[in-house]
Each structure stands twice: as C-alpha cells, then as structure tokens.
Amino acid sequence: MNAPCPTDIVLAVANATGLSVSGLAWLFAGAAGLVALAILVAFRRRSGAKADTAQEQMAALIQSQTEMQGRIAAIADIFGTRQYELNQSINQRIDGMTQRIGASITEQTRQTHENLRTLQERLAVIDTAQTNIQSLARDMAGLQQILANKQTRGAFGQGRMETIIADGLPQGAYVFQATLSNASRPDCIIRMPNGQPGLAIDAKFPLEAWNAMRAAQTPELKRQASLLFRRDIEVHIKDIAGKYLIPGETQDTAFLFVPSESIFADIHEHFESIVQKAHRSRVVIVSPSLLLLSIQVIQAILRDHRMREQAHLIQDEVVRLMEDLSRLDERVRKLHGHFTTTQKDVDDILISSDKLKRRGAKIEALDLQQEGEGGASANPAAPVQGGSQPGQTPAPGSRIGALKLRVVDED
C-alpha cells in the first residue's frame, strides 16, 4: 500500500476534529514549538561538555521547525484554497438542488390545485345527482304510499285513464262516473255516433294480490299469491260483464284498464287463461298504449260521422264555389277580349307608324338642286318643272333657284 500523503492526513484529521484547515495548521505549529522547547530543555540539562553539539542540534531543530512551519503554512494555503473551492461547489450544488426542489414543489402545488378544482367540480356534480336521487326517492316513496292505499291506487288508475281519454276525444264524447240504468257506475262511458250504445271502461284493477305475488320470497308463497290474483281478476271480470254490459244501453264489449304496461305483459305471458276468460266474457284487457290506440280509432269514427252529418253543408259550399268559379271564368274571358282589342289597336298603330316611316324615307330621297347647278337653265324666267304653275316666274333677285324634282318609285 502507498504511504498516505500529508495533505490527506491533514484533511482526515480536520474532518475528524471538526476544525478548519487553518486552525489545524496553527495547532500543528504550536505542537512543533512545544516539541522544540522540550528538546531545548532536555539539551540544557545535559552536561556542558556537549554544549556545542547541543547548539548545533538546536540550530538544526530551529531550521527544521522553520521549514516545517513553512510547509504547514503552504499546506494551510492549499487547504484554504481547496476548502473555498469545495464550499463554492457545494453552494452551487445546493443552489441547483434548491431551484429544482422549488420548481418541483411549484409544479406539484399547481397539479394539486388543479386536481382539487377538478375534484370540487365532480363533487358538485355528485351533489346535484345526489339531490336529484333524493328527490326521486321522495317521489317514489310518495308513489309507494299512493299505491299502498286501495282508494288512492284506484284514483291513480282513474287519473291515467281520464288523461288519455280527455287528450284523445273532444268534449262531450265521453262521460266519467256515469250512472247506468242498473245503478252501476263505470269509470267512463264513451258516447258512440249514430245513437249507438256507449262503451264502458273500468279502471279499478285489483293490485293487492299482484303486489303480494311480487313480494313473495318462496315458491309456495308465490304460488298462493298467484292463485289469489287469478281469483281476484276472474271475479272482477265477472263483475264487469254483469254490471256494465247492458243490451241497448252499452256496447256488448267493455274495457278493463290496466295502468301498467309491465303488468299487462305479465298477464298475457303467465295468465293466458285469464285473458281467454275475459274474451269469452266480452271484456277486453287494455294497457295505456292499447287504450290510446282505441281512443284514436274512436276519434276517427267520430270525425267520419261528423263529416257525414255535415255532407249537405259541404255540398252547398261546393255549389257556391262552382258559381264563384263560373263568374271568375266569365270575367277572365271579358278581360281576355279587352286584351285582344287592345292588341289589335296596337297592331294598327304599328302599321300606321310603318307607313309614316316609309313616307319619311321617300321625302328624304328627294333630289333638290339650285338653279345654275348641274346644267340647269340660267334663265330666271324659266318655269320650274314639276313645281310652278304655267305663267308664273320667280321674283328677280330671289334666292330660290329652280328645283328639279326626281320621284323615287315606291317599291
């Protein structure tokens, strides 16, 4: 192994003791001085015979001490420079690290604020949705309370049925809670045209057994609830057929309104015998969509009936319309005659303008020459050919010369 360098030894000692390099150098100098003084004391105690040798050795020691102090001072300077450079490097690294840490903390803070803002927005949406869910839950609870009571449930089905009929038929085409001759009161009677009997509609569908069947947890309870529901619906169909089918007063078919599409589908899927018995009893089970379709058909029948009743009025209006069309045709023909006469007059005007144009062209083509030009006679007394009467002569000194007229034949 290589011997350690004095510089490395000094640095190691400085790191171990926690002193600076300059302080450590002065410490070494003091230690060297103490060693020299100890040696000097030792030499003085020796005998005087060796005084010369001791002085030489003391001089050598003082010279060695001086050299050592110079080396220690040089080492202290070197270590001071190295420590300054090390401090500068450490400070630069600390500054760079501080900047990077600050930038990272700033970015993390910005991302945290952005995430918190997004989280707040989502929490606001969740709060709104929760409020809506709570409102819906309250509405469902209210609906459950309504459906739990038989009277309120009947009013609910009655209300749905009345809304569908009132929206589809005109006022006066239906009656709610009408009393029949047998003192029974169907939920609605639809008045048919041409004096036909009305159509009875019942909206009191039995839901107790249906709800019990839905709430059953075991197959045995479900079977018992199913039997109870079958019995209730059969009894209700029998009551409708016995109360609302009156010959001559109501139609031979009545409607049993089911206020739920799902219940209507389950009845047709799992209780086919009930549907068949209702058909045999002339009772038709209808859902809201089927009732709406039936109302639209009845509305078309009523509209056709009203058109038939108003047919004579329509015919009278058609006759008046034809009379108006005849008068319009007559007036158009008169106007056409006026336009024809006007066109003929315009054509005559165009013919006259053409004639005037041709006559102007003829006048333009006349050859007028003064007397004495073109070989004419210089005698002022000579008559003007084609323009003067016999025996007439122009006045002396007149500037009007003899005119020679050349007639251009018309094409």
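The structure presented is a predicted model; accordingly, all values stated were derived computationally and were not measured.

## Thoughts on the overall build of the protein chain
In terms of regular secondary structure, the protein chain is built from 10 helices and five strands. Expressed as a percentage of its 411 residues, the buried residues of the protein chain come to 22%. Counting only contacts in the protein chain whose residues sit at least 6 apart along the sequence, the fraction spanning at least 24 positions is 62%. Approximately 29,600 Å² of the protein chain is accessible, and the part contributed by carbon and sulfur atoms is 58%.

## Looking at the sheet that holds strand β2 (residues 188-190)
One open sheet holds the five strands; their spatial order is β1-β2-β3-β4-β5, and the pairing between them is mixed. At either margin of the open sheet sits one strand with a lone partner, and together these are β1 (174-176) and β5 (283-286). Adjacent strand axes in the sheet meet at a mean angle of 20°, parallel and antiparallel pairs treated alike.

## Re unusual backbone geometry
Leave glycine aside and you will find that most residues have negative phi; peptide bonds, for their part, are mostly trans. Of note in the backbone geometry, Q177 takes a positive phi value of approximately 55° without being a glycine. Assignment of secondary structure puts Q177 in the loop between β1 and β2. For Q177, a relative accessible area of 31% puts it in the partly exposed group. The phi torsion at A183 lies on the positive side, around 70°, for a residue other than glycine. Looking at the element boundaries, A183 is found in the loop between β1 and β2.

## Some words on the nonpolar core
The biggest cluster of nonpolar side chains holds 29 residues, and the ones touching the most others in it are F205, W210, F229, L256 and I267. For this core, the secondary structure elements donating two or more residues are α5 (208-215), α6 (219-244), β4 (254-257), α7 (261-270), α8 (272-280) and β5. Looking at which element gives the most residues to this core, the answer is α6, with six residues. Not counting the four nearest positions on each side in its chain, F205 is found in contact with F229, I233, L256, F257, V258, P259, I263 and I267. In terms of nonpolar packing, the next biggest core, distinct from the first, is built from 19 residues, I165, I201, I295 and I298 among them.

## Here's the deal with a nonpolar patch on the surface
A cluster of nonpolar side chains, contributed by I314, V318, L321, M322, L325, L328 and V332, occupies part of the molecular surface with about 620 Å² of accessible area. Examined against the element boundaries, M322 turns out to sit in helix α10 (residues 311-364). Residue classification places M322 among the partly exposed residues on the basis of a relative accessible area of 47%.

## A short note on the confidence of the model for the protein chain
The pLDDT averaged across the protein chain works out to 75; a share of 73% of its residues lies at or above 70. In this model residues 368-411 is a low-confidence stretch, pLDDT under 50, and it forms 28 contacts with partners more than four residues away in sequence or in other chains.

## A closer look at the side chain of S184
If you trace the backbone, S184 turns up in the loop between β1 and β2. For S184, a relative accessible area of 10% translates into the label buried. What S184 contacts, discounting residues up to four positions off in sequence, is A178, T179, K243 and Y244.

## Overview of the packing of aromatic side chains
In this description, a pair of aromatic rings is defined by centroid distance and the angle of the planes. According to the stated counting rule, one finds two aromatic pairs in the structure shown. Pairing Y174 with F176 gives two aromatic rings, centres 5.1 Å apart and planes at 50°, and the pair type is tilted. For F176, a relative accessible area of 26% puts it in the partly exposed group.

## Examining α6
The end-to-end C-alpha distance of α6, which contains 26 residues, comes to 37 Å, matching closely the 38 Å that a straight helix rising 1.5 Å per residue would cover. Each element contacted by the buried residues of α6 is listed here: β3 (199-202), α5, β4, α7, α8 and β5.

## A look at the packing of α5 against α6
Between α5 and α6, the shortest axis-to-axis distance is 8 Å and the interhelical angle comes to 165°. Overall, the two elements α5 and α6 adopt an arrangement that is roughly antiparallel. Judged by the twist between their axes, the crossing of α5 over α6 is left-handed. Contacts from A209, W210, A212 and M213 of α5 reach α6 at K222, A225, S226, L228, F229 and D232. Among the residues forming the contact of α5 with α6, the class breakdown is seven nonpolar, one polar and two charged.

## So, the environment of Q177
Sequence-wise, Q177 and I201 are 24 residues apart; in three dimensions their C-alpha atoms are separated by 9.9 Å. Setting aside residues no more than four positions away along its own chain, Q177 makes contact with Q158, R185, P186, D187 and C188.

## Some points on the packing of α6 against α8
Between α6 and α8, the least distance of the axes is 10 Å, while the angle of their chain directions is 10°. Between α6 and α8, the angle falls in the class roughly parallel. Residues F229, R230, I233, E234 and I237 of α6 form the contact with α8, whose own contacting residues are S273, I274, K277 and A278.

## A word on the pairing of β4
Burial along β4 is two-sided: the residues A254 and L256 and F255 and F257 are all buried. Bridge count for β3 against β4 is two bridges, and the pairing is parallel. In the sheet register, I201 faces β4, and the bridge partner there is F255. With four bridges joining them, β4 and β5 adopt parallel strand pairing. Bridge pairing in β5 places A254 opposite V283.

Rules used throughout
Residues numbered from 1 in each chain as written. Predicted model: local features only at pLDDT ≥ 70, side-chain atom pairs only at ≥ 80, totals over all residues. Heavy atoms only, no water. Helix = DSSP H or I, 4+ residues; strand = E, 2+ residues; numbered from the N terminus. Buried < 20%, exposed > 50% of the residue type's maximum accessible area, 1.4 Å probe, protein only. Contact = heavy atoms within 4.5 Å. Areas by Shrake-Rupley, 256 points an atom, 1.4 Å probe, with all protein chains shown as cover. Pairing = 2+ DSSP bridges. Axes fitted to C-alpha atoms, helices over the stretch in contact; angles between N-to-C directions. Core = buried A, V, L, I, M, F, W, Y, C linked by side-chain atoms within 4.5 Å. Patch = residues over 30% accessible without salt bridge, like charges linked within 9 Å, V, L, I, M, F, W, Y side chains within 5 Å. Salt bridge = Lys/Arg side-chain N within 4 Å of Asp/Glu carboxyl O. pLDDT = per-residue confidence, 0-100. Phe/Tyr/Trp six-rings, centres within 6.5 Å; stacked < 30°, edge-to-face > 60°. Expected span 1.5 Å × (residues − 1). Parallel < 35°, antiparallel > 145°, perpendicular 65-115°, else oblique. Left-handed = near helix turned anticlockwise from the far one by under 90°. Nonpolar A, V, L, I, M, F, W, Y, C, P; charged D, E, K, R; others polar.

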